[in-house]
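So you can see what is in the structure, the chains are spelled out below.
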Amino acid sequence: MDVREMHTEVVLVSPEAPSEEAIAPAAAALKAGHLVAFPTETVYGLGANALDGAAVAQIFAAKGRPADNPLIVHVADRSALGQVVREIPPKAIALMDGFWPGPLTLVLPRQEAIPTEVSAGLATVGVRMPSHPIALALIRAAGVPIAAPSANRSGRPSPTSAEHVLEDMVGRIPWVLDGGETGVGLESTVLDLTVDPPVLLRPGGVTVEQLQQVIGEVQIDPGVNGVVHTSRPRSPGMKYTHYAPKAPVILVEGPVLRMQAKIVDLTAEYQVEGKRVGILCATESMGRYGAPVVLDYGGRHQLDMVAANLFRALRAFDRHRVDVVLAEAVPETGIGLAVMNRLRRAAGGKVVSV
Ligand code: TXA
Ligand code: MG
């Protein structure tokens, strides 16, 4: 069967008070082995019954996802953790107390009931309890833990609205629960707790500073800050170029005035070559640039806003049909670490430091 020819049912659901009637058909389909896209507080997820290997395998086909990139399992109650993980160290409990429900994924030893499709053959599994009412209602109504990656085609920016999910997935999946825009806008923080001190594998909605306040030392995997040179990174997802619009992205890093001057120069160079230039920058910089498409991601120091806007802005460049995107860096504090991680990955190593 051509996966593009499936009917995609879109169900509008209230994000504050999801009704049982709205959720029930999708929850039943999910339990029966079908895929359901749903909002979380970070980005939209593409869910399957985490206890059903054949259901989970469909996620990889629908996304075009490499089989060696494991999925996060979502639970609505801690009592469900026994099905998912084999042991929960004290630091994991402290982090659950501090940040669940919320954008923190804990990598722990995998329970045998979790099929290898979920963990891509690893002995560990990532698990989190999302805080979005629709996500919680769906997990409870389905009565099973839900394995879910972000609901984009592999390599594309993660979806922060149901429209983004449909851009990538219409005709490939049977159900989308439309609960409007997501809040955080970037994916969850992924922390490996099978080692001590724990290792940050992906920066996200919960900041390193917040983690340190609860568990003390946190090591940062080298793949977080730059390009991964090894063929075997700790978090398999880190080795793939990701979050990219169709045009190449060039990330410019450095002090604000020099960054702006470099982007002005690069714009002129690309325009001489006949290229249509797009610029992604802070609101404060918009007046500096004369490119045909200048989009802002919010104020340079309002990093929560930048996080919330980033993926929508990256997707918007596709509609504007630009040939190249020049992006301004943001400070790497707080959620800025996660923003810069996504921008570097979108640039796929094309980073200019001034
Ligand atoms: O916010 C989120 O985490 C969203 C929503 C839907 O919950 N999900 C999400 O999933 O971003 P995905 O599949 O796009 O990213 C999961 C990341 C990947 O980088 C993957 O390699 C890593 O988590 N990961 C998952 N399980 C892992 C494991 N057992 N060990 C190491 N890394 C793991
Ligand atoms: Mg993803």
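The structure under discussion appears in the preceding block.
Residues numbered from 1 in each chain as written. Chains lettered and ligands numbered in written order. Predicted model: local features only at pLDDT ≥ 70, side-chain atom pairs only at ≥ 80, totals over all residues. Heavy atoms only, no water.

Peer 1: Explanation requested: the overall build of the protein in the structure shown.
Peer 2: Scanning the protein for helices and strands turns up 10 helices and 16 strands. In terms of C-alpha radius of gyration, the protein reaches 20 Å, essentially the compact-globule figure of 20 Å for 354 residues. With the C-alpha coordinates of the protein rotated into their principal frame, the extents come out at 60 × 50 × 40 Å. Within the protein, contacts between residues separated by at least 24 positions form 69% of all contacts whose residues are at least 6 apart in sequence. If you sum the accessible surface of the protein, you get close to 14,000 Å²; carbon and sulfur atoms cover 53% of it. Separation of charge centres in the protein, based on 32 positive and 36 negative side chains, amounts to 5 Å. (Helix = DSSP H or I, 4+ residues; strand = E, 2+ residues; numbered from the N terminus. Rg over C-alpha atoms; globule rule 2.2 N^0.38 Å. Contact = heavy atoms within 4.5 Å. Areas by Shrake-Rupley, 256 points an atom, 1.4 Å probe, with all protein chains shown as cover. Lys, Arg positive; Asp, Glu negative; His and termini not counted. Charge placed at Lys NZ, Arg CZ, Asp CG, Glu CD.)

Peer 1: Mind showing me how you'd approach the pairing of strand E2 (residues 36–39) here?
Peer 2: Residue alternation in E2 divides its side chains into two sets, Val-36 and Phe-38 and Ala-37 and Pro-39, and both sets are buried. Across four bridges, the pairing between E2 and strand E3 (residues 44–49) is antiparallel. Residue pairing for E3: Phe-38 is matched across the bridge by Gly-45. Linking E2 back to E3 in an antiparallel pair, the connection comprises four residues. Inspection of the sheet shows E2 paired to strand E8 (residues 175–178) by two bridges, in the parallel sense. Looking at the pairing, Ala-37 lines up with Val-176 of E8. (Buried < 20%, exposed > 50% of the residue type's maximum accessible area, 1.4 Å probe, protein only. Pairing = 2+ DSSP bridges.)

Peer 1: In this structure, what is going on with the sheet that holds strand E13 (residues 277–281)? I would like to understand it.
Peer 2: The strands making up a sheet associate through backbone hydrogen bonding, with each pair oriented either parallel or antiparallel. Strand order in the open sheet formed by five strands is E14-E13-E15-E12-E16, with parallel pairing between adjacent strands. The sheet is open, and its two edges are formed by strand E14 (293–296) and strand E16 (351–353), each paired on a single side. Across the sheet, the axes of successive neighbouring strands diverge by a mean angle of 20°, strand direction being ignored. Here four bridges tie E13 to E14, and the two strands are oriented parallel to one another. Considered in E14, the bridge of Leu-280 is made with Leu-295. Running over the sheet, helix H8 (residues 256–272) touches strand E12 (249–253), E13, strand E15 (324–328) and E16 and is turned about 175° from E15. Contacts between helix H9 (residues 303–319) and the sheet are confined to E13, E14 and E15, with E13 contributing the most and set at about 175° to the helix. (Axes fitted to C-alpha atoms, helices over the stretch in contact; angles between N-to-C directions.)

Peer 1: Help me out: how do you make sense of the environment of Ser-188 in this one?
Peer 2: One can find Ser-188 in the loop between E8 and strand E9 (189–192). Not counting residues up to four positions away in its chain, the partners in contact with Ser-188 are Thr-42, Ile-72, Pro-103, Leu-104, Thr-105, Arg-128, Arg-202, Pro-203, Gly-204, Gly-205 and Arg-342. A distance of 2.8 Å separates a polar atom in the side chain of Ser-188 from a polar atom in the side chain of Thr-105. (Polar contact = N/O pair within 3.5 Å; in protein donor to acceptor, adjacent residues only side chain to side chain.)

Peer 1: Even after reading the chapter, I still don't get the side chain of Thr-207, so can you show me in this structure?
Peer 2: Turning to its location among the elements, Thr-207 is positioned in the loop between strand E10 (199–202) and helix H7 (208–215). Exposure remark for Thr-207: the relative accessible area of 13% places this residue in the buried category. Ignoring anything within four residues of it in the chain, the contact list for Thr-207 reads Gly-334 and Ile-335.

Peer 1: Can you help me understand the site of ligand 1 in this one?
Peer 2: Around ligand 1 sit 27 residues in total, of which Thr-42, Arg-65, Asn-69, His-74 and Ser-188 are the nearest. Contact distances for ligand 1 include 2.7 Å between an oxygen atom and a side-chain N or O atom of Thr-42. Contact distances for ligand 1 include 3.0 Å between a nitrogen atom and a side-chain N or O atom of Thr-124. Contact with the protein chains covers 97% of the free accessible surface of ligand 1, which is 670 Å². Those elements giving two or more residues to the shell around ligand 1 turn out to be strand E4 (72–74), strand E6 (124–128) and E10. (Near = heavy atom within 4 Å.)

Peer 1: What exactly am I supposed to notice about the sheet that holds E9 here?
Peer 2: Within the open sheet, the 11 strands sit side by side as E1-E8-E2-E3-E7-E4-E6-E5-E9-E10-E11. Their pairing is mixed. Strands with a single pairing partner mark the edges of an open sheet, and in this sheet they are strand E1 (9–12) and strand E11 (219–220). Both E9 and E10 contribute to a ladder of three bridges, which runs antiparallel. Paired with Val-190 across the strands is Arg-202, a residue of E10. Helix-sheet contacts for helix H3 (residues 90–99) involve strand E5 (104–109) and E9, and the interaxial angle to E5 is about 160°. Of the strands in this sheet, E5, E9, E10 and E11 are in contact with H7, which crosses E9 at around 40°.

Peer 1: I'm lost on the pairing of E6 in this one. Help?
Peer 2: The side chains of a regular strand alternate, first on one face of the sheet and then on the other. Most of E6 is tucked away: four of the five residues are buried. Here E4 runs beside E6; their pairing, made up of three bridges, is parallel. By the bridge assignment for E6, Ile-72 is matched with Gly-126.

Peer 1: Can you help me understand helix H6 (residues 162–169) in this one?
Peer 2: Think of an α-helix as 3.6 residues a turn; residues three or four steps apart then line up on the same face. Taken together, the buried positions of H6 are Ala-162, His-164, Val-165, Asp-168 and Met-169. Each buried residue of H6 sits inside an arc of 155° when the element is viewed along its axis, so together they form one side. Buried-residue contacts for H6 involve E2, E3, helix H2 (53–63), E8 and H9. Downstream of H6 by one or two residues, Gly-171 has phi in the positive range, about 85°. (Arc of directions from axis to C-beta.)

Peer 1: What exactly am I supposed to notice about the pattern of salt bridges here?
Peer 2: According to the stated counting rule, one finds 15 salt bridges in the structure shown. Three or more residues joined by partner-sharing salt bridges are found here, namely Arg-156, Glu-167, Asp-168, Arg-315 and Asp-318. (Salt bridge = Lys/Arg side-chain N within 4 Å of Asp/Glu carboxyl O.)

None of the figures reported here should be taken as evidence of function without further support.
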